[in-house]
Amino acid sequence: MTSVITILGRPNVGKSTLFNRLSRSRDALVDDIPGITRDRLYASVHWGDRTFTLMDTGGFDEVGDEPFMDLVREQVRKAVEESDIIIFMVDGRQGIMPGDEEIAHMLRRSGKKVFLAANKIDGPEHEGLTADFYRLGVEKVFPLSAAHGYGLKALMNEVVKELPEETPEENDEAVRVAVLGRPNVGKSSLVNRILGSERVLVSDIPGTTRDSVDIRFTRRGRDYVLIDTAGIRRKSKVREKIDKFSMIKAVKSLDRCHLAVVLLDASEGVVEQDARICGYALDRGRGLILGLNKWDLVKHDPDTRRRLLSALDRQLKFVSFAPRITLSARTGEHVGKLFEKIDHLSDQYGKRIGTGEVNRVLEKIFQLKPPPLTGKGRLKFFYATQIDVRPPTFVLFVNRPELIHFSYERFLANQFRERFGLDQTPIRIFFRKR
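Residues numbered from 1 in each chain as written. Predicted model: local features only at pLDDT ≥ 70, side-chain atom pairs only at ≥ 80, totals over all residues. Heavy atoms only, no water.

**Some words on the overall build of the protein**
So, step 1. The helix and strand inventory of the protein stands at eleven helices and 15 strands.
So, step 2. Across the 434 residues that make up the protein, the buried fraction comes to 52%.
So, step 3. Residue pairs at least 24 apart in sequence account for 71% of intrachain contacts in the protein once pairs closer than 6 positions are excluded.
So, step 4. Summing over all exposed atoms, the protein offers an accessible surface of approximately 20800 Å²; the carbon and sulfur share of this is 47%. (Helix = DSSP H or I, 4+ residues; strand = E, 2+ residues; numbered from the N terminus. Buried < 20%, exposed > 50% of the residue type's maximum accessible area, 1.4 Å probe, protein only. Contact = heavy atoms within 4.5 Å. Areas by Shrake-Rupley, 256 points an atom, 1.4 Å probe, with all protein chains shown as cover.)

Structural data, given as C-alpha coordinates:
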(Lines give C-alpha, C1' and ligand atoms only; values in the text may rest on other atoms or scores of the structure.)
Protein backbone atom coordinates (compact mmCIF):
# COMPACT_ATOMS: atom_id res chain seq x y z
CA MET A 1 0.00 0.00 0.00
CA THR A 2 1.22 3.48 -0.83
CA SER A 3 2.50 5.47 2.15
CA VAL A 4 0.72 8.64 3.27
CA ILE A 5 2.55 11.88 4.06
CA THR A 6 0.47 14.61 5.70
CA ILE A 7 1.21 18.33 5.73
CA LEU A 8 0.09 19.76 9.06
CA GLY A 9 0.22 23.18 10.68
CA ARG A 10 -1.63 26.30 11.75
CA PRO A 11 -3.69 28.27 9.24
CA ASN A 12 -1.79 30.33 6.68
CA VAL A 13 1.67 28.85 7.22
CA GLY A 14 1.91 27.68 3.58
CA LYS A 15 0.63 24.11 3.65
CA SER A 16 -1.34 24.38 0.44
CA THR A 17 1.56 26.11 -1.30
CA LEU A 18 3.80 23.17 -0.43
CA PHE A 19 1.09 20.74 -1.53
CA ASN A 20 0.86 22.48 -4.90
CA ARG A 21 4.62 22.52 -5.40
CA LEU A 22 5.00 18.83 -4.60
CA SER A 23 1.97 17.72 -6.58
CA ARG A 24 2.82 20.12 -9.43
CA SER A 25 -0.78 21.19 -9.44
CA ARG A 26 -3.13 23.94 -8.40
CA ASP A 27 -5.53 21.55 -6.71
CA ALA A 28 -5.27 23.27 -3.34
CA LEU A 29 -6.81 26.72 -3.01
CA VAL A 30 -4.20 29.24 -1.85
CA ASP A 31 -5.16 32.59 -0.34
CA ASP A 32 -3.84 35.03 2.24
CA ILE A 33 -7.00 34.52 4.31
CA PRO A 34 -6.32 32.00 7.12
CA GLY A 35 -8.42 28.87 7.13
CA ILE A 36 -9.10 28.51 3.39
CA THR A 37 -8.47 24.74 3.32
CA ARG A 38 -10.98 22.87 5.46
CA ASP A 39 -11.21 19.49 3.76
CA ARG A 40 -8.37 17.13 3.10
CA LEU A 41 -6.85 17.07 -0.38
CA TYR A 42 -4.91 14.16 -1.85
CA ALA A 43 -2.34 13.78 -4.60
CA SER A 44 -0.11 10.95 -5.79
CA VAL A 45 3.47 12.27 -5.73
CA HIS A 46 6.69 10.82 -7.13
CA TRP A 47 9.97 11.82 -5.49
CA GLY A 48 13.05 10.02 -6.69
CA ASP A 49 12.20 6.35 -6.94
CA ARG A 50 9.41 6.51 -4.36
CA THR A 51 5.71 7.18 -4.75
CA PHE A 52 3.45 8.31 -1.94
CA THR A 53 0.07 9.88 -1.29
CA LEU A 54 0.37 13.49 -0.16
CA MET A 55 -2.39 14.88 2.04
CA ASP A 56 -3.12 18.54 2.68
CA THR A 57 -5.17 19.42 5.74
CA GLY A 58 -7.14 22.30 7.14
CA GLY A 59 -5.27 24.66 9.43
CA PHE A 60 -5.11 23.37 12.99
CA ASP A 61 -5.97 26.09 15.48
CA GLU A 62 -6.78 25.56 19.14
CA VAL A 63 -8.27 29.03 19.43
CA GLY A 64 -10.80 30.97 17.41
CA ASP A 65 -14.50 30.78 16.74
CA GLU A 66 -14.38 30.11 13.02
CA PRO A 67 -17.26 27.81 12.01
CA PHE A 68 -16.29 24.16 11.47
CA MET A 69 -13.04 24.67 13.44
CA ASP A 70 -13.94 21.86 15.85
CA LEU A 71 -14.46 19.61 12.85
CA VAL A 72 -11.19 20.68 11.29
CA ARG A 73 -9.29 19.92 14.50
CA GLU A 74 -10.87 16.48 14.73
CA GLN A 75 -10.16 15.88 11.06
CA VAL A 76 -6.51 16.76 11.58
CA ARG A 77 -6.28 14.27 14.44
CA LYS A 78 -7.75 11.58 12.22
CA ALA A 79 -5.31 12.53 9.46
CA VAL A 80 -2.41 12.00 11.84
CA GLU A 81 -3.70 8.52 12.67
CA GLU A 82 -3.85 7.62 8.97
CA SER A 83 -0.42 9.00 8.10
CA ASP A 84 2.98 7.35 7.98
CA ILE A 85 4.96 10.64 8.14
CA ILE A 86 4.02 14.19 9.15
CA ILE A 87 5.48 17.37 7.68
CA PHE A 88 4.81 19.89 10.46
CA MET A 89 4.92 23.39 8.97
CA VAL A 90 5.47 26.56 10.95
CA ASP A 91 5.87 30.19 9.93
CA GLY A 92 9.59 30.90 10.12
CA ARG A 93 9.01 34.66 10.15
CA GLN A 94 6.48 34.68 13.00
CA GLY A 95 8.33 32.41 15.42
CA ILE A 96 6.64 29.94 17.75
CA MET A 97 2.92 30.56 18.24
CA PRO A 98 0.58 28.91 20.80
CA GLY A 99 -0.96 26.74 18.08
CA ASP A 100 2.48 25.41 17.14
CA GLU A 101 3.06 24.24 20.70
CA GLU A 102 -0.30 22.48 20.80
CA ILE A 103 0.39 20.69 17.52
CA ALA A 104 3.87 19.67 18.69
CA HIS A 105 2.33 18.23 21.86
CA MET A 106 -0.25 16.27 19.86
CA LEU A 107 2.41 14.91 17.49
CA ARG A 108 4.62 13.76 20.33
CA ARG A 109 1.69 11.74 21.67
CA SER A 110 1.06 10.22 18.24
CA GLY A 111 4.47 8.58 18.00
CA LYS A 112 4.61 9.32 14.26
CA LYS A 113 7.79 10.40 12.44
CA VAL A 114 7.69 14.20 12.20
CA PHE A 115 9.70 16.62 10.06
CA LEU A 116 9.47 20.26 11.12
CA ALA A 117 9.65 22.70 8.20
CA ALA A 118 10.05 26.40 8.97
CA ASN A 119 8.41 28.02 5.96
CA LYS A 120 8.93 31.48 4.45
CA ILE A 121 12.72 31.20 4.77
CA ASP A 122 13.75 32.44 1.36
CA GLY A 123 17.51 31.96 1.60
CA PRO A 124 20.47 31.13 3.84
CA GLU A 125 20.55 34.67 5.20
CA HIS A 126 17.23 33.99 6.96
CA GLU A 127 18.03 30.55 8.37
CA GLY A 128 18.91 32.05 11.74
CA LEU A 129 15.20 32.60 12.29
CA THR A 130 14.69 28.85 12.65
CA ALA A 131 16.76 28.43 15.83
CA ASP A 132 13.87 29.15 18.19
CA PHE A 133 11.82 26.26 16.83
CA TYR A 134 14.10 23.69 18.45
CA ARG A 135 12.13 24.46 21.63
CA LEU A 136 9.34 22.35 20.11
CA GLY A 137 11.40 19.25 20.83
CA VAL A 138 12.49 18.26 17.33
CA GLU A 139 15.90 16.95 16.30
CA LYS A 140 16.17 19.15 13.22
CA VAL A 141 14.42 22.15 11.73
CA PHE A 142 14.33 22.34 7.93
CA PRO A 143 14.37 25.88 6.50
CA LEU A 144 11.97 26.07 3.60
CA SER A 145 10.37 28.38 1.09
CA ALA A 146 7.33 26.55 -0.27
CA ALA A 147 6.67 29.44 -2.64
CA HIS A 148 10.14 29.48 -4.23
CA GLY A 149 11.43 25.95 -3.59
CA TYR A 150 14.35 26.87 -1.32
CA GLY A 151 15.20 23.93 0.96
CA LEU A 152 12.62 21.62 -0.61
CA LYS A 153 15.09 19.06 -1.93
CA ALA A 154 16.89 18.78 1.42
CA LEU A 155 13.59 18.27 3.23
CA MET A 156 12.04 15.73 0.86
CA ASN A 157 15.21 13.66 0.46
CA GLU A 158 15.18 13.10 4.21
CA VAL A 159 11.43 12.47 4.27
CA VAL A 160 11.46 9.70 1.67
CA LYS A 161 14.31 7.94 3.50
CA GLU A 162 11.88 7.37 6.36
CA LEU A 163 9.06 5.97 4.24
CA PRO A 164 8.23 2.39 5.19
CA GLU A 165 9.08 -0.28 2.68
CA GLU A 166 6.34 -0.71 0.12
CA THR A 167 4.24 -3.78 0.83
CA PRO A 168 4.53 -6.27 -2.03
CA GLU A 169 1.33 -7.33 -3.70
CA GLU A 170 -0.23 -10.40 -2.16
CA ASN A 171 1.06 -13.48 -3.91
CA ASP A 172 -2.23 -15.12 -4.75
CA GLU A 173 -4.45 -15.40 -7.77
CA ALA A 174 -7.43 -13.57 -6.29
CA VAL A 175 -8.76 -10.69 -8.36
CA ARG A 176 -9.12 -7.69 -6.06
CA VAL A 177 -12.10 -5.54 -7.00
CA ALA A 178 -12.98 -2.26 -5.29
CA VAL A 179 -16.56 -1.01 -5.56
CA LEU A 180 -16.45 2.79 -5.69
CA GLY A 181 -18.93 5.57 -6.22
CA ARG A 182 -20.78 8.47 -4.73
CA PRO A 183 -22.85 7.88 -1.57
CA ASN A 184 -26.11 6.02 -2.04
CA VAL A 185 -25.46 4.76 -5.57
CA GLY A 186 -25.89 1.16 -4.39
CA LYS A 187 -22.37 -0.08 -3.65
CA SER A 188 -23.23 -2.17 -0.60
CA SER A 189 -26.42 -3.42 -2.27
CA LEU A 190 -24.33 -4.64 -5.20
CA VAL A 191 -21.88 -6.42 -2.91
CA ASN A 192 -24.76 -8.10 -1.09
CA ARG A 193 -26.36 -9.15 -4.37
CA ILE A 194 -23.06 -10.65 -5.54
CA LEU A 195 -22.53 -12.54 -2.33
CA GLY A 196 -26.15 -13.62 -2.05
CA SER A 197 -26.23 -12.75 1.63
CA GLU A 198 -26.43 -9.73 3.91
CA ARG A 199 -22.68 -9.63 4.52
CA VAL A 200 -22.48 -5.83 4.33
CA LEU A 201 -24.69 -3.24 6.00
CA VAL A 202 -27.16 -1.70 3.57
CA SER A 203 -29.21 1.42 4.19
CA ASP A 204 -31.08 4.09 2.26
CA ILE A 205 -29.22 6.75 4.27
CA PRO A 206 -26.29 8.14 2.23
CA GLY A 207 -22.91 7.42 3.79
CA THR A 208 -23.82 4.29 5.79
CA THR A 209 -20.54 2.54 4.99
CA ARG A 210 -17.84 4.44 6.90
CA ASP A 211 -14.90 2.15 6.26
CA SER A 212 -13.57 -0.20 3.60
CA VAL A 213 -14.52 -3.86 4.00
CA ASP A 214 -12.64 -6.70 2.26
CA ILE A 215 -14.64 -9.83 1.47
CA ARG A 216 -12.99 -12.90 -0.07
CA PHE A 217 -15.07 -15.43 -1.98
CA THR A 218 -14.89 -17.93 -4.83
CA ARG A 219 -17.08 -17.91 -7.90
CA ARG A 220 -16.93 -20.65 -10.53
CA GLY A 221 -13.49 -21.73 -9.37
CA ARG A 222 -11.94 -18.26 -9.40
CA ASP A 223 -10.99 -16.34 -6.26
CA TYR A 224 -12.01 -12.73 -5.73
CA VAL A 225 -11.70 -10.10 -3.03
CA LEU A 226 -14.45 -7.47 -3.00
CA ILE A 227 -13.61 -4.16 -1.35
CA ASP A 228 -16.75 -2.27 -0.37
CA THR A 229 -15.94 1.37 0.37
CA ALA A 230 -17.44 4.46 1.86
CA GLY A 231 -19.02 6.80 -0.67
CA ILE A 232 -16.61 9.38 -2.09
CA ARG A 233 -18.28 12.74 -1.59
CA ARG A 234 -17.61 15.98 -3.39
CA LYS A 235 -15.42 18.10 -1.09
CA SER A 236 -18.02 20.82 -0.61
CA LYS A 237 -20.47 18.16 0.58
CA VAL A 238 -18.07 16.74 3.14
CA ARG A 239 -19.04 18.26 6.45
CA GLU A 240 -19.30 15.57 9.13
CA LYS A 241 -15.90 14.65 10.46
CA ILE A 242 -16.69 10.93 10.15
CA ASP A 243 -17.50 11.43 6.46
CA LYS A 244 -14.21 13.23 5.88
CA PHE A 245 -12.38 10.43 7.67
CA SER A 246 -13.95 7.88 5.32
CA MET A 247 -12.63 9.69 2.25
CA ILE A 248 -9.04 8.56 2.63
CA LYS A 249 -10.21 5.01 3.35
CA ALA A 250 -11.96 4.93 -0.01
CA VAL A 251 -8.98 6.45 -1.82
CA LYS A 252 -6.64 3.98 -0.10
CA SER A 253 -8.77 1.09 -1.34
CA LEU A 254 -7.51 1.89 -4.83
CA ASP A 255 -4.00 1.07 -3.65
CA ARG A 256 -5.17 -2.42 -2.65
CA CYS A 257 -7.24 -3.39 -5.67
CA HIS A 258 -6.59 -4.46 -9.24
CA LEU A 259 -9.88 -3.36 -10.73
CA ALA A 260 -12.39 -0.69 -9.74
CA VAL A 261 -16.09 -0.97 -10.44
CA VAL A 262 -17.30 2.63 -10.41
CA LEU A 263 -21.04 2.70 -9.85
CA LEU A 264 -23.06 5.53 -11.34
CA ASP A 265 -26.70 6.28 -10.59
CA ALA A 266 -28.45 5.85 -13.94
CA SER A 267 -31.51 7.69 -12.62
CA GLU A 268 -29.45 10.80 -11.78
CA GLY A 269 -27.07 10.81 -14.74
CA VAL A 270 -23.34 11.59 -14.78
CA VAL A 271 -22.08 14.26 -12.39
CA GLU A 272 -18.69 15.87 -11.84
CA GLN A 273 -17.88 13.65 -8.89
CA ASP A 274 -18.28 10.53 -11.04
CA ALA A 275 -15.55 11.86 -13.33
CA ARG A 276 -13.35 12.67 -10.33
CA ILE A 277 -13.68 9.12 -8.97
CA CYS A 278 -12.76 7.69 -12.39
CA GLY A 279 -9.77 10.03 -12.36
CA TYR A 280 -8.66 8.68 -8.97
CA ALA A 281 -8.71 5.14 -10.39
CA LEU A 282 -6.98 6.09 -13.65
CA ASP A 283 -4.22 8.01 -11.86
CA ARG A 284 -3.38 4.83 -9.98
CA GLY A 285 -3.44 2.70 -13.12
CA ARG A 286 -6.40 0.60 -12.04
CA GLY A 287 -8.61 -1.32 -14.41
CA LEU A 288 -11.99 0.37 -14.62
CA ILE A 289 -15.56 -0.81 -15.18
CA LEU A 290 -18.44 1.66 -15.35
CA GLY A 291 -21.53 0.19 -13.72
CA LEU A 292 -24.78 2.00 -14.53
CA ASN A 293 -26.81 1.00 -11.49
CA LYS A 294 -30.57 1.45 -10.99
CA TRP A 295 -31.06 0.65 -14.65
CA ASP A 296 -34.50 -0.74 -13.83
CA LEU A 297 -35.64 2.84 -13.20
CA VAL A 298 -34.68 4.18 -16.64
CA LYS A 299 -34.62 1.27 -19.08
CA HIS A 300 -38.17 1.97 -20.27
CA ASP A 301 -37.49 5.69 -20.76
CA PRO A 302 -35.69 6.14 -24.11
CA ASP A 303 -35.08 9.88 -23.63
CA THR A 304 -33.39 9.36 -20.25
CA ARG A 305 -31.30 6.51 -21.63
CA ARG A 306 -30.18 8.63 -24.56
CA ARG A 307 -29.19 11.55 -22.32
CA LEU A 308 -27.32 9.22 -19.98
CA LEU A 309 -25.28 7.57 -22.73
CA SER A 310 -24.54 10.95 -24.30
CA ALA A 311 -23.30 12.27 -20.95
CA LEU A 312 -21.07 9.21 -20.54
CA ASP A 313 -19.46 9.79 -23.92
CA ARG A 314 -18.98 13.49 -23.21
CA GLN A 315 -17.99 13.66 -19.52
CA LEU A 316 -16.09 10.37 -19.22
CA LYS A 317 -14.34 10.49 -22.58
CA PHE A 318 -10.95 10.18 -20.88
CA VAL A 319 -11.86 6.62 -19.81
CA SER A 320 -13.59 5.70 -23.07
CA PHE A 321 -11.71 2.37 -23.06
CA ALA A 322 -13.45 1.28 -19.85
CA PRO A 323 -16.14 -1.38 -20.36
CA ARG A 324 -19.68 -0.45 -19.35
CA ILE A 325 -22.53 -2.49 -17.97
CA THR A 326 -26.12 -1.65 -17.13
CA LEU A 327 -27.36 -3.38 -14.00
CA SER A 328 -29.68 -3.22 -11.02
CA ALA A 329 -28.35 -4.22 -7.62
CA ARG A 330 -31.94 -4.15 -6.34
CA THR A 331 -33.40 -6.63 -8.83
CA GLY A 332 -30.22 -8.47 -9.76
CA GLU A 333 -30.51 -7.62 -13.44
CA HIS A 334 -27.20 -8.16 -15.30
CA VAL A 335 -25.24 -8.59 -12.03
CA GLY A 336 -24.09 -12.01 -13.23
CA LYS A 337 -22.75 -10.44 -16.42
CA LEU A 338 -20.63 -8.06 -14.34
CA PHE A 339 -18.22 -10.92 -13.65
CA GLU A 340 -17.85 -11.59 -17.34
CA LYS A 341 -16.59 -8.00 -17.61
CA ILE A 342 -14.38 -8.40 -14.53
CA ASP A 343 -12.79 -11.62 -15.80
CA HIS A 344 -12.18 -10.28 -19.29
CA LEU A 345 -10.68 -7.03 -17.97
CA SER A 346 -8.55 -8.91 -15.43
CA ASP A 347 -7.06 -11.04 -18.20
CA GLN A 348 -6.11 -7.94 -20.20
CA TYR A 349 -4.88 -6.11 -17.09
CA GLY A 350 -2.40 -8.89 -16.34
CA LYS A 351 -1.43 -9.69 -19.94
CA ARG A 352 2.25 -10.02 -20.78
CA ILE A 353 3.61 -9.70 -24.32
CA GLY A 354 7.02 -10.92 -25.43
CA THR A 355 9.69 -8.42 -26.40
CA GLY A 356 9.97 -9.86 -29.92
CA GLU A 357 6.26 -9.38 -30.57
CA VAL A 358 6.34 -5.86 -29.14
CA ASN A 359 9.13 -4.84 -31.53
CA ARG A 360 7.54 -6.51 -34.56
CA VAL A 361 4.33 -4.61 -33.89
CA LEU A 362 6.26 -1.40 -33.31
CA GLU A 363 7.90 -1.75 -36.72
CA LYS A 364 4.49 -2.15 -38.37
CA ILE A 365 3.24 0.96 -36.55
CA PHE A 366 6.20 2.97 -37.86
CA GLN A 367 5.45 1.80 -41.40
CA LEU A 368 1.88 2.96 -40.95
CA LYS A 369 2.85 6.31 -39.46
CA PRO A 370 6.55 7.20 -39.01
CA PRO A 371 7.58 9.42 -36.09
CA PRO A 372 7.09 13.06 -37.14
CA LEU A 373 10.01 15.37 -37.77
CA THR A 374 10.49 17.93 -35.00
CA GLY A 375 12.55 21.00 -35.88
CA LYS A 376 16.07 19.97 -36.83
CA GLY A 377 15.96 16.81 -34.77
CA ARG A 378 14.87 13.39 -35.91
CA LEU A 379 13.27 11.02 -33.45
CA LYS A 380 14.68 7.50 -33.60
CA PHE A 381 13.22 4.44 -31.90
CA PHE A 382 15.62 1.62 -31.07
CA TYR A 383 13.54 -1.06 -29.35
CA ALA A 384 10.72 -1.57 -26.87
CA THR A 385 9.79 -4.01 -24.15
CA GLN A 386 7.03 -4.62 -21.63
CA ILE A 387 8.33 -4.09 -18.10
CA ASP A 388 5.24 -4.70 -15.98
CA VAL A 389 1.63 -5.82 -15.80
CA ARG A 390 -1.37 -4.52 -13.86
CA PRO A 391 -1.49 -2.34 -15.88
CA PRO A 392 0.52 -3.40 -18.94
CA THR A 393 3.51 -1.06 -18.97
CA PHE A 394 5.90 -0.56 -21.88
CA VAL A 395 9.24 1.21 -22.23
CA LEU A 396 10.35 2.54 -25.61
CA PHE A 397 14.04 3.42 -25.97
CA VAL A 398 14.65 6.45 -28.18
CA ASN A 399 17.43 8.88 -28.96
CA ARG A 400 15.63 12.01 -27.73
CA PRO A 401 12.61 11.47 -25.45
CA GLU A 402 11.91 15.21 -25.32
CA LEU A 403 10.86 15.13 -28.98
CA ILE A 404 7.89 12.86 -28.27
CA HIS A 405 4.72 14.86 -28.89
CA PHE A 406 1.69 13.93 -26.80
CA SER A 407 -0.37 13.30 -29.96
CA TYR A 408 2.13 10.68 -31.19
CA GLU A 409 2.25 9.12 -27.73
CA ARG A 410 -1.55 8.85 -27.82
CA PHE A 411 -1.34 7.31 -31.31
CA LEU A 412 1.13 4.68 -30.09
CA ALA A 413 -1.06 3.88 -27.08
CA ASN A 414 -4.12 3.40 -29.29
CA GLN A 415 -2.14 1.17 -31.65
CA PHE A 416 -0.84 -0.93 -28.76
CA ARG A 417 -4.39 -1.35 -27.46
CA GLU A 418 -5.68 -2.47 -30.83
CA ARG A 419 -2.82 -4.76 -31.84
CA PHE A 420 -2.18 -6.40 -28.46
CA GLY A 421 -5.80 -6.93 -27.47
CA LEU A 422 -5.66 -4.36 -24.67
CA ASP A 423 -8.73 -2.39 -25.67
CA GLN A 424 -10.35 -2.34 -22.21
CA THR A 425 -7.43 -1.81 -19.87
CA PRO A 426 -5.33 1.25 -19.07
CA ILE A 427 -1.77 0.98 -20.37
CA ARG A 428 1.34 2.98 -19.64
CA ILE A 429 4.10 3.93 -22.05
CA PHE A 430 7.41 5.45 -20.97
CA PHE A 431 10.15 6.80 -23.20
CA ARG A 432 13.77 6.47 -22.14
CA LYS A 433 16.93 7.69 -23.73
CA ARG A 434 19.31 4.99 -24.89
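**Remarks on the sheet that holds strand β14 (residues 393–398)**
So, step 1. Taken together, three strands build an open sheet; the order of strands is β13-β14-β15 and the sheet is mixed. In this open sheet, the two strands that pair with only one neighbour each are β13 (381–388) and β15 (428–433). For this sheet the average axis-to-axis angle between neighbouring strands, irrespective of direction, equals 25 degrees.
So, step 2. Sheet strands touched by helix α11 (residues 406–420): β13, β14 and β15. Its angle to β15, the strand with the most contacts, is close to 125 degrees. (Pairing = 2+ DSSP bridges. Axes fitted to C-alpha atoms, helices over the stretch in contact; angles between N-to-C directions.)

**Focus: the pairing of strand β7 (residues 175–181)**
Strand residues, when the strand is regular, have side chains that alternate between the two faces of the sheet.
So, step 1. For β7, the tally of buried residues reaches seven of seven residues, placing the bulk of the element in the interior.
So, step 2. By the alternation rule, side chains of β7 split into Val175, Val177, Val179 and Gly181 and Arg176, Ala178 and Leu180, which are all buried.
So, step 3. Judged from the five bridges that link them, β7 and strand β10 (residues 259–265) form a sheet pairing that is parallel. If you follow Gly181 over to β10, its bridge partner there is Leu263.

**Remarks on the pattern of salt bridges**
Side chains bearing opposite charge may pair, as long as their charged atoms lie close to each other.
So, step 1. Scanning the entire structure with this criterion turns up 17 salt bridges.
So, step 2. Its salt-bridge partner being Arg276, residue Glu272 comes within 3.1 Å of it at the nearest N-O pair. Highlighted residues: Glu272 and Arg276, both in helix α7 (residues 272–283), separated by four residues, approximately one helical turn.
So, step 3. We classify Glu272 as exposed; its relative accessible area is 51%.
So, step 4. Here the residues in one salt-bridge network are Arg182, Glu268 and Asp274, joined through shared partners. (Salt bridge = Lys/Arg side-chain N within 4 Å of Asp/Glu carboxyl O.)

**Focus: the packing of aromatic side chains**
So, step 1. Per the stated rule, a full pass over the model turns up twelve aromatic pairs.
So, step 2. Between Phe381 and Tyr408, the ring centres sit 6.4 Å apart and the planes meet at 55 degrees, which makes this aromatic pair tilted. Of this pair, Phe381 sits in strand β13 while Tyr408 sits in helix α11; the two residues are 27 residues apart in sequence, bridging distant segments of the chain.
So, step 3. Under the relative-accessibility criterion, Phe381 is labelled buried at 15%.
So, step 4. Pairing Tyr383 with Phe397 gives two aromatic rings, centres 4.7 Å apart and planes at 20 degrees, and the pair type is stacked. A residue pair is termed long-range when its members are at least 10 positions apart, and Tyr383 in strand β13 and Phe397 in strand β14 qualify at 14 residues.
So, step 5. Following the ring pairs from residue to residue traces out a cluster consisting of Phe366, Phe381, Tyr408, Phe411 and Phe431.
So, step 6. Looking at Arg417, its charged tip hangs above the ring of Phe321, at a distance of 4.5 Å from the centre.
So, step 7. Looking at Arg434, its charged tip hangs above the ring of Phe382, at a distance of 3.9 Å from the centre. (Phe/Tyr/Trp six-rings, centres within 6.5 Å; stacked < 30°, edge-to-face > 60°. Lys NZ or Arg CZ within 6 Å of the ring centre and 35° of its normal.)

**Some thoughts on the nonpolar core**
So, step 1. Within the largest apolar cluster, 29 residues are counted, with the highest numbers of intra-cluster contacts made by Leu264, Leu288, Leu290 and Leu316.
So, step 2. Taken together, the elements giving at least two residues each to this core come down to β7, β9 (222–228), α6 (241–256), β10, α7, β11 (287–293) and α8 (302–315).
So, step 3. It is α7 that contributes the most residues to this core, four residues altogether.
So, step 4. In terms of nonpolar packing, the next biggest core, distinct from the first, is built from 25 residues, Leu18, Ile85, Phe115 and Val159 among them. (Core = buried A, V, L, I, M, F, W, Y, C linked by side-chain atoms within 4.5 Å.)

**Some words on helix α4 (residues 152–161)**
So, step 1. Three or more residues of α4 are buried, namely Leu152, Leu155, Met156, Val159 and Val160. In an axial view of α4, the angular spread of the buried residues amounts to 120 degrees, which keeps them on one side of the axis. Every exposed residue of α4 that faces more than 90 degrees away from the buried side is listed here: Lys153 and Lys161. (Arc of directions from axis to C-beta.)

**Some details on the packing of helix α5 (residues 187–195) against helix α9 (residues 335–349)**
So, step 1. The interhelical angle for the contact between α5 and α9, taken along N-to-C directions, is 90 degrees, at an axis separation of 10 Å. On the basis of the axis angle, α5 is roughly perpendicular to α9. Residue-level contacts link Leu190, Arg193 and Ile194 of α5 to Val335, Leu338 and Phe339 of α9.
So, step 2. Considering only residue class, the contact of α5 with α9 consists of five nonpolar, no polar and one charged. (Parallel < 35°, antiparallel > 145°, perpendicular 65-115°, else oblique. Nonpolar A, V, L, I, M, F, W, Y, C, P; charged D, E, K, R; others polar.)

**Describing the packing of helix α10 (residues 355–368) against α11**
So, step 1. One can describe the packing of α10 onto α11 by two numbers: an axis separation of 11 Å at closest approach and a directional angle of 125 degrees. Accordingly, the angle class assigned to the pair α10 and α11 is oblique. The crossing of α10 and α11 is right-handed. For the pair α10 and α11, the contacting residues are Glu357, Val358, Val361, Leu362, Lys364, Ile365, Phe366 and Leu368 in the first and Tyr408, Phe411, Leu412, Gln415, Phe416, Arg419 and Phe420 in the second. (Left-handed = near helix turned anticlockwise from the far one by under 90°.)

**Brief notes about the environment of Leu263**
So, step 1. With respect to the helices and strands, Leu263 occurs in strand β10.
So, step 2. You can call Leu263 buried: its relative accessible area is 0%.
So, step 3. Look past the residues within four positions of Leu263 in its chain and what remains in contact with it is Val179, Leu180, Gly181, Val185, Gly186, Lys187, Leu190, Asp274, Gly291, Asn293 and Leu327.

**Let's talk about unusual backbone geometry**
So, step 1. Note that the residue after Arg390, namely Pro391, is joined by a cis bond; omega there is 0 degrees.
So, step 2. Relative to the elements of secondary structure, Pro391 occurs in the loop between β13 and β14.
So, step 3. The backbone of Arg390 shows a phi angle near 55 degrees, a positive value even though the residue is not glycine.
So, step 4. Residue Arg390 is classed as partly exposed on the basis of its relative accessible area, which comes to 26%.

**What to know about the layout of surface pockets**
So, step 1. Volume-wise, the second largest pocket comes out at about 540 Å³.
So, step 2. Around the second largest pocket, the lining comprises 15 residues; the ones closest to its centre are Phe321, Arg410, Ala413, Arg417 and Ile427.
So, step 3. At the level of elements, α11 and β15 are the ones that each hand at least two residues to the lining of the second largest pocket.
So, step 4. Of the residues in the lining of the second largest pocket, the class split is eight nonpolar, three polar and four charged. (1 Å grid on protein atoms, 1.4 Å probe; cavity = no way out; pocket = protein on both sides within 12 Å on 5 of 7 lines; lining within 4 Å. Points joined across faces, edges and corners; volume = space filled by probe spheres on them.)

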